[in-house]
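Single-letter residue listing:
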Amino acid sequence: MVFVYLFIGFVMLQRVIEVIIANQNAKWIKKQGGYEAGAEHYKYIVAMHALFFVALLIEISFMGTEVVRWSIIPLIIFLITQVVRVWALSSLGRFWNTRIMILPGAKVVAKGPYRFMRHPNYVIVAMEILALPFIFQAYWTAFIFSILNVMILRVRIREEEKALKEATNYEEVFKDRGRFVPSYDE
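Procedures and definitions
Residues numbered from 1 in each chain as written. Predicted model: local features only at pLDDT ≥ 70, side-chain atom pairs only at ≥ 80, totals over all residues. Heavy atoms only, no water. Core = buried A, V, L, I, M, F, W, Y, C linked by side-chain atoms within 4.5 Å. Buried < 20%, exposed > 50% of the residue type's maximum accessible area, 1.4 Å probe, protein only. Helix = DSSP H or I, 4+ residues; strand = E, 2+ residues; numbered from the N terminus. UniProt positions renumbered as here; feature names shortened; annotations may be inferred. Expected span 1.5 Å × (residues − 1). Contact = heavy atoms within 4.5 Å. Phe/Tyr/Trp six-rings, centres within 6.5 Å; stacked < 30°, edge-to-face > 60°. 1 Å grid on protein atoms, 1.4 Å probe; cavity = no way out; pocket = protein on both sides within 12 Å on 5 of 7 lines; lining within 4 Å. Points joined across faces, edges and corners; volume = space filled by probe spheres on them. Nonpolar A, V, L, I, M, F, W, Y, C, P; charged D, E, K, R; others polar.

## Some words on the nonpolar core
Ranked by internal contacts, the top residues of the largest apolar core, which has 20 residues, are Leu-132 and Phe-136. Every element with two or more residues in this core is listed here: α1 (2–31), α2 (42–63), α4 (120–135) and α5 (139–167). Ala-88, Val-109, Leu-164 and Phe-174 belong to the second-largest nonpolar core, a separate cluster that totals 17 residues.

In structure tokens form, the structure reads like this:
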């Protein structure tokens with residue numbers, strides 16, 4: 001059981017580091033003349049992600065967990081998402097953020113996984129919210145937070161795309177790419 005808490009703790013630490021990087025990136029964008037869009041819903045994103053880990057730990061602690069043979073499948077999916085997460089975040093570089101940070105006139109990043117779809121990071125997050133609890137048979141956490149994530153992403157993506165279309169070349173670059181399903185036209 002100690003390994004379970006260490007594993008989840010490591011993932012939580014990873015998220016804290018990402019927030020630190022996002023805050024540094026936000027400061028950089030603001031220094032370049034950028035601004036935050038859609039800030040009203042950000043607190044709900046933070047709350048949902050924090051409560052996800054709380055719920056996961058509570059469900060594991062009270063329901064108990066044992067790593068079963070098929071747990072390897074969601075573990076492999078989770079580990080693959082970590083590789084793709086790094087690819088997506090590094091592709092965006094200083095433009096990656098947990099907030100909607102807009103730099104007017106900037107050319108949107110269309111490399112890495114963004115060559116194939118508009119929102120690969122949101123696909124990754126959705127897969128993580130499903131796979132991580134499944135590793136430990138925390139089915140309620142997977143179910144409830146997958147639904148909450150979809151609800152929040154509906155607002156988030158609408159706000160993000162609106163802001164990007166108004167201030168960048170987003171529409172031109174991504175007009176032929178699916179939001180969540182890979183496609184590529186050259």
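## A short note on the UniProt feature "transmembrane region" (unreviewed entry) in the protein chain
Per the UniProt record, "transmembrane region" (unreviewed entry) is annotated on residues 42–60, 67–88 and 122–148. End-to-end, the C-alpha atoms of residues 42–60 are 27 Å apart, and along that stretch the chain is 100% helix and 0% strand. A helix fraction of 89% and a strand fraction of 0% characterise residues 122–148, whose end C-alpha atoms lie 13 Å from each other.

## Observations regarding α4
With 16 residues, α4 should cover 22 Å at 1.5 Å per step; its first-to-last C-alpha distance of 22 Å lies within 8% of that length. Within α4 the residues assigned to the buried category are Pro-120, Asn-121, Tyr-122, Ile-124, Val-125, Glu-128, Ile-129, Ala-131, Leu-132, Pro-133 and Ile-135. The secondary structure elements touched by the buried residues of α4 are α1, α2, α3 (72–92) and α5. Just downstream of α4 lies Gln-137, where phi reads positive at about 55°.

## Some points on the packing of aromatic side chains
Following the criterion strictly, the structure yields eight aromatic pairs and no others. With centroids separated by 5.1 Å and ring planes inclined at 75°, the aromatic side chains of Phe-52 and Phe-53 adopt a geometry described as edge-to-face. Here Phe-52 falls in the buried class, since its relative accessible area comes to 4%. For Phe-53, a relative accessible area of 10% gives the class buried. Considering the side-chain rings of Phe-52 and Phe-145, the 5.8 Å spacing of their centres and the 75° angle between planes classify their relative orientation as edge-to-face. Residue Phe-52 is found in helix α2, and its partner Phe-145 is found in helix α5; the two are separated by 93 residues along the sequence. For the pair shown, Phe-52 and Phe-145 are each scored as buried. Linked through ring pairs, Phe-3, Phe-7, Phe-78 and Phe-136 together constitute an aromatic cluster.

## Section: the side chain of Glu-161
Structurally, Glu-161 is set in helix α5. Those residues in contact with Glu-161, other than ones at most four positions away along the chain, are Arg-118, His-119, Tyr-170 and Arg-179.

## With respect to the environment of Ile-77
Inspection of the secondary structure assignment puts Ile-77 in helix α3. Placed 53 residues apart in sequence, Ile-77 and Leu-130 show a C-alpha to C-alpha distance of 9.7 Å. Non-local contacts of Ile-77, meaning those with residues more than four positions away in its chain, are made with Met-127 and Ala-131.

## Description of the layout of surface pockets
Of the voids in this model, the largest pocket is the one considered here, and its volume is about 1100 Å³. If you trace the largest pocket, you find 48 residues lining it, with Trp-96, Asn-97, Thr-98, Asn-121 and Arg-156 closest to the centre. Breaking the lining of the largest pocket down by element, the ones donating at least two residues are α1, α2, α3, β2 (100–102), α4, α5 and α6 (170–174). Residue composition of the lining of the largest pocket, by class: 32 nonpolar, seven polar and nine charged.

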